[in-house]
Amino acid sequence: MFFNRKRNSVMDEPPFLDGLLYESRLEPEVDSERFDRRLLRNIRVTSAKASFQYWSPAIVGASVASMALLALLQMLANSSSMKPIRILNGDAAQKVDSITVDLPEGPAPRLPVVR
Amino acid sequence: MFNIGISQGVATRGIEDARFLERCRNGDESALAILIDRHRARLIRVAANILRDSNEAEDVAQEAFLKAFRELGSLREDRAFSGYIYRICVRLCMDKLRQKRAEPAEFDFVENHSGTAIENKIVVHKLLDQLSPDLRATLVLREMEQLSYEEIAEFMHVPVGTVRSRLHVARERFRVLWINATKEPR
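Note that the structure is predicted; figures quoted are calculated from it, not measured. (Residues numbered from 1 in each chain as written. Chains lettered and ligands numbered in written order. Predicted model: local features only at pLDDT ≥ 70, side-chain atom pairs only at ≥ 80, totals over all residues.)

(A) Seen up close, the overall build of chain B. Of regular secondary structure, chain B possesses eight helices and zero strands. In chain B, which comprises 186 residues, the share counted as buried stands at 35%. Restricting the contact set of chain B to residue pairs at least 6 apart, pairs at least 24 apart contribute 65%. (Helix = DSSP H or I, 4+ residues; strand = E, 2+ residues; numbered from the N terminus. Buried ≥ 20, exposed ≤ 12 C-beta atoms within 10 Å, placed from the backbone. Contact = placed C-beta atoms within 7 Å.)

Structure (structure tokens):
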């Protein structure tokens, strides 16, 4: 008969120190409800953290894009409400603070007359 | 006949674990609770016997479950979940023991050793502290958890030959420590 027999099991050997270690093993009593509650809460927190870490690049990208879009819309709205620049009498206005011209002293030179 | 029962039981448990894992992956929290319930007690007991501290064992078991569920993607075969989670637990225990090794406990012998079960437990606890983490974990998994060499090799992620040699050394050292600790002082 073929079966998957577990090799090297403890039953193949004589007990070590008359089973002293087996007799000394601890059997901790666990408050299973408290354990499960704590574990399930930790699992939820961990999975929430993991999903936040997974989506955070997308969230950051989306927020940057939305801020850029908002700024663009605001600029467009401002540009339509801006006052147009008006030029009086169709001439360009030039403002000069002070002009000093040095004129030569004495009589003005005569212009040659062409006949 | 007894061994057939054990192997069939292990195989069935593996298949059931795989079924619950599949449900967990689909977001079924009740399957998660069932999986925890199936492995909780044994996982805590393994950790408690390696660390000889029940409170610390609970923390390690919690950490092992968390790590196992977080890294489920690295599990190649769902039926091997049991081995996978115990391997994580044993590794965490070894890490804890290595951290503690910085302050080894001093212990010479027991005065008027009467050999009661409680006294033996205390002496065994102190003597296990004298062994290195590898030897201690191997000895505990074999003698207290009654695991086969193959299971210990799987849990400790070492070849079966290494388990044999570690177990041989651990038994010899423990035997010498036990004799020295319980013999009558001259």
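Still more to cover.
(B) A look at the overall build of chain A. Check the secondary structure of chain A and you find two helices and zero strands. The burial tally for chain A puts 3% of its 115 residues in the buried class.

(C) A look at the packing of helix α4 (residues 81-100) of chain B against helix α7 (residues 149-156) of chain B. Residues and elements named next belong to chain B. In the contact formed by α4 and α7, the axes pass within 7 Å of each other and the chain directions differ by 65 degrees. Contacts between α4 and α7 involve Gly83, Tyr86, Arg87 and Val90 from the first element and Glu154, Phe155 and Met156 from the second. Partitioned by chemical class, the residues of the contact of α4 with α7 number four nonpolar, one polar and two charged. (Axes fitted to C-alpha atoms, helices over the stretch in contact; angles between N-to-C directions. Nonpolar A, V, L, I, M, F, W, Y, C, P; charged D, E, K, R; others polar.)

(D) Main features of the environment of Ala18(B). All names here are of chain B. Mapped onto the elements of the fold, alanine 18 is located in helix α1 (residues 2-25). The exposure class assigned to alanine 18 is partly exposed, which follows from the 15 C-beta atoms found within 10 Å. Between the C-alpha atom of alanine 18 and that of lysine 96, which follows or precedes it by 78 residues, the distance is 30 Å. Every residue in contact with alanine 18, bar those within four places of it in the chain, is listed here: Asp78 and Arg79.

(E) Layout of the environment of Ser79(A). All names here are of chain A. Inspection of the secondary structure assignment puts serine 79 in helix α2 (residues 32-81). By the C-beta count within 10 Å, which is 8 here, serine 79 ends up exposed. Distance in space between the C-alpha atoms of serine 79 and glutamate 105 is 55 Å, their sequence separation being 26 residues.

(F) Looking closely at the interface of chain A and chain B. If you look at the interface, chain A gives 28 residues, while chain B gives 35 residues. Within the residue set of the side of chain A that touches chain B, elements represented by two or more residues are α1 (20-23) and α2 of chain A. The leading source of residues in the side of chain A that touches chain B is α2(A), at eight residues. Of the residues assigned to the side of chain A that touches chain B, the class counts are 13 nonpolar, seven polar and eight charged.

(G) Layout of the confidence of the model for chain B. Residues and elements named next belong to chain B. The pLDDT averaged across chain B works out to 84; a share of 85% of its residues lies at or above 70. Here residues 1-6 is a poorly scored stretch, pLDDT under 50, and it has five contacts once near neighbours within four places are set aside; other chains count. Listed scores for the predicted complex are pTM 0.70 and ipTM 0.75. (pLDDT = per-residue confidence, 0-100.)

(H) Up close: the nonpolar core. Residues and elements named next belong to chain B. Within the largest apolar cluster, 50 residues are counted, with the highest numbers of intra-cluster contacts made by Leu43, Ala47, Ala61, Ala64, Ile85, Cys89 and Cys93. Taken together, the elements giving at least two residues each to this core come down to α1, α2 (29-51), α3 (54-70), α4, α5 (117-128), α6 (133-144), α7 and α8 (160-182). By residue number, the principal contributor to this core is α2, which donates ten residues. Ignoring anything within four residues of it in the chain, the contact list for alanine 64 reads Leu43, Ile85, Ile88, Cys89 and Leu92. (Core = buried A, V, L, I, M, F, W, Y, C linked by C-beta atoms within 7 Å.)

(I) α4(B), seen in detail. A rise of 1.5 Å per residue sets the reference length of α4(B), with its 20 residues, at 28 Å; its end C-alpha atoms lie 29 Å apart and thus fit the reference within 8%. Those residues of α4(B) that fall on the buried side of the exposure criterion are Phe81(B), Tyr84(B), Ile85(B), Tyr86(B), Ile88(B), Cys89(B), Val90(B), Cys93(B), Lys96(B) and Leu97(B). (Expected span 1.5 Å × (residues − 1).)

(J) Quick look at unusual backbone geometry. Residue and element names in this part refer to chain B. If you check the backbone angles, arginine 52 has positive phi at about 55 degrees while not being a glycine. Looking at the secondary structure, you find arginine 52 in the loop between α2 and α3. For arginine 52, a count of 22 C-beta atoms within 10 Å puts it in the buried group. Residues other than glycine seldom take positive phi values, yet glutamine 146 does so here, at roughly 60 degrees. Following the sequence through the fold, glutamine 146 ends up in the loop between α6 and α7.

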